[in-house]
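# Residue-level structural notes
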Amino acid sequence: MNTPARRSQPSKSGGGRATGSGGGGPRKTGAGSGAGRQPAPYGGRSPGKSGGGSTRGGSGNTGNGGNSGGSGNSGKPTAAKPDWRDYDPFADPNEEGVRLQKVLAQAGVGSRRVSEDLIAAGRVEVNGEVVRHQGMRVDPETAVIRVDGMRISTAEGIVHFAFNKPVGVVSAMDDPDRPNLGDYVRGRNERLFHIGRLDVDTEGLILLTNDGELAHRLAHPSYEIRKVYRAQVYGTIPKDLGRRLREGVDLEDGLARVDHFRLLDSVGRNALVEITIHEGRNRIVRRIMDAVGLPVRGLVRTKFGPISLGDQKPERMRPLNKEEVGAVYKSVGL
């Protein structure tokens, strides 16, 4: 039969150490006992003993023979703690949508922490309004979201590609007899629109997307999207050619002007020139140069709006990065 624990006697000086733990337990000694013990952090272990027996009254992790005053953890995995970033004390439980910082993170803007900092700094707009509240929810399919004035594509399944069309390929998604753009996207589930038609003898940059509104605006002449071409021409380049081309050249379907002209290189009667133009009439560059007596021997489109071809090889397709996507949307007011 166990005898009751002897009640501890108070110290005469008022500051002495009690012989018991106050509840009848055995006396604690060492650095881990008494008032020196700190409470365990949330979800963590008590900072008392390690490796041996568990601390009294804690979660009771069974070690090497120590008794537990708690419920005993036998090593079973615990459920993951909820992410505090998903908690919003002001959220309406009936409100639909996705938290703005999560949408930004999924769109590749940055981590949630970075996205929260952008929101707090007033650098994020939703449907034309600056947002600073971290708990705002949006519909990624319909919201127009901008960071530093640049549109972010958040709708699920929207894709944008840059393709270097080779010579001999028709600028169409289908053709019964000739190689075409559709041959390079077989197997994709999206319905892709091609933007920036090139004749079969011209190489260069064509954009592909399944965003119909973006494709429509990029192709519409009212937005005056500039295209840059490099042309190999035969003949001597007159000194005033740039001025003549900017003033306009008469063609059978009306006056045609270039926005910019530059001579890049010349060897004998062969020259390499760069032409910038926003018109989209059929074979416009070839017809302009023919009209001034400089027939084109080779033609490549190197830029379409804000997107550059760079060192991309013919027949290669690449997705646009988020900066390019934002720039494309901005160029047509989206």
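Cut-offs applied
- Residues numbered from 1 in each chain as written.
- Predicted model: local features only at pLDDT ≥ 70, side-chain atom pairs only at ≥ 80, totals over all residues.
- Heavy atoms only, no water.
- Buried < 20%, exposed > 50% of the residue type's maximum accessible area, 1.4 Å probe, protein only.
- Helix = DSSP H or I, 4+ residues; strand = E, 2+ residues; numbered from the N terminus.
- Pairing = 2+ DSSP bridges.
- Contact = heavy atoms within 4.5 Å.
- pLDDT = per-residue confidence, 0-100.
- Phe/Tyr/Trp six-rings, centres within 6.5 Å; stacked < 30°, edge-to-face > 60°.
- Lys NZ or Arg CZ within 6 Å of the ring centre and 35° of its normal.
- Lys, Arg positive; Asp, Glu negative; His and termini not counted.
- Salt bridge = Lys/Arg side-chain N within 4 Å of Asp/Glu carboxyl O.
- Core = buried A, V, L, I, M, F, W, Y, C linked by side-chain atoms within 4.5 Å.
- Polar contact = N/O pair within 3.5 Å; in protein donor to acceptor, adjacent residues only side chain to side chain.

This part takes up the pairing of strand S14 (residues 270-277). Extensive coverage of S14 is indicated by the burial of six of its eight residues. Judged from the eight bridges that link them, strand S10 (residues 227-234) and S14 form a sheet pairing that is antiparallel. Bridge pairing in S14 places lysine 227 opposite isoleucine 277. As paired strands, strand S13 (residues 260-267) and S14 are joined by seven bridges and run antiparallel to one another. Paired with valine 267 across the bridge in S14 is asparagine 270. Hairpin connection, S13 to S14: the antiparallel pair is bridged by two residues, and glycine 268 has positive phi, about 60°.

So, on to the environment of isoleucine 237. Along the chain, isoleucine 237 turns up in the loop between S10 and helix H4 (241-247). Here isoleucine 237 falls in the buried class, since its relative accessible area comes to 19%. For isoleucine 237, the contacting residues outside a window of four places in its chain are Phe261, Leu263, Ala271, Val273 and Leu294.

Model confidence for the protein is summarised by a mean pLDDT of 78, while 72% of its residues fall at 70 or above. Scored below 50 in pLDDT, residues 10-72 makes 50 contacts in the model with residues more than four places away or belonging to other chains. Note that residues 84-94 has pLDDT below 50 and, in this model, 11 contacts with residues that lie over four places away or in other chains.

This part is about the packing of aromatic side chains. For any two aromatic rings, the description comes down to two numbers: the centre-to-centre distance and the angle of the planes. As enumerated under the stated definition, the model contains one aromatic pair in all. Residue placement shows arginine 151 over the ring face of tyrosine 329; its charged tip is 4.7 Å from the ring centre.

With that out of the way, let us pick up the side chain of aspartate 211. Tracing the backbone through its elements, the reader meets aspartate 211 in the loop between strand S9 (203-209) and helix H3 (212-219). The side chain of aspartate 211 is buried and forms no salt bridge, while arginine 151, the nearest opposite charge, is found at 5.6 Å. Beyond its immediate stretch of four places on either side in the chain, aspartate 211 contacts Ile158, Phe193 and Tyr329.

Membership of the largest hydrophobic core comes to 33 residues, with the highest contact counts inside it found for Val233, Leu245, Ile288 and Met289. Counting 17 residues, the second-largest nonpolar core is a separate cluster that includes Leu205, Phe304, Leu320 and Val328.

Here we have four strands laid out as an open sheet, ordered S3-S2-S5-S6, and antiparallel in their pairing. Since the sheet does not close on itself, it has two edges, and those belong to strand S3 (129-130) and strand S6 (150-152), each with one partner. With three bridges connecting them, strand S2 (residues 124-126) and strand S5 (residues 145-147) associate as antiparallel partners. What sits directly across from valine 126, in S5, is isoleucine 145.

Right, let's get into the pattern of salt bridges. Inspection of every chain in the model, using the stated rule, returns 18 salt bridges. A salt bridge links glutamate 274 to arginine 262, with the nearest nitrogen and oxygen atoms 3.0 Å apart. With glutamate 274 in strand S14 and arginine 262 in strand S13, this pair connects stretches of sequence that are 12 residues apart. When the shortest N-O distance is used, the salt bridge between lysine 322 and glutamate 323 registers 3.3 Å. On the basis of relative accessibility, which here comes to 39%, the residue lysine 322 falls in the partly exposed class. Residue glutamate 323 is classed as partly exposed on the basis of its relative accessible area, which comes to 48%. Salt bridges sharing common partners tie together Glu252, Asp253, Glu279, Arg281 and Arg287.

What follows covers helix H6 (residues 322-331). Within H6 the residues assigned to the buried category are Glu324, Val325, Gly326, Val328 and Tyr329. Tucked into the core, H6 has its buried residues touching S6, strand S7 (160-165), H3, strand S16 (307-308) and strand S17 (317-319). With a side-chain oxygen lying 3.1 Å from the backbone nitrogen of glutamate 323, the N-terminal cap of H6 falls on asparagine 321. Just beyond H6, the residue with positive phi is glycine 333, at close to 75°.

A few words now on unusual backbone geometry. Not every positive phi belongs to a glycine, and asparagine 127 is a case in point at roughly 50°. Checked against the element boundaries, asparagine 127 lands in the loop between S2 and S3. In the Ramachandran plot, aspartate 148 falls in the positive-phi region, its phi being about 55° despite a non-glycine side chain. Note that aspartate 148 resides in the loop between S5 and S6.

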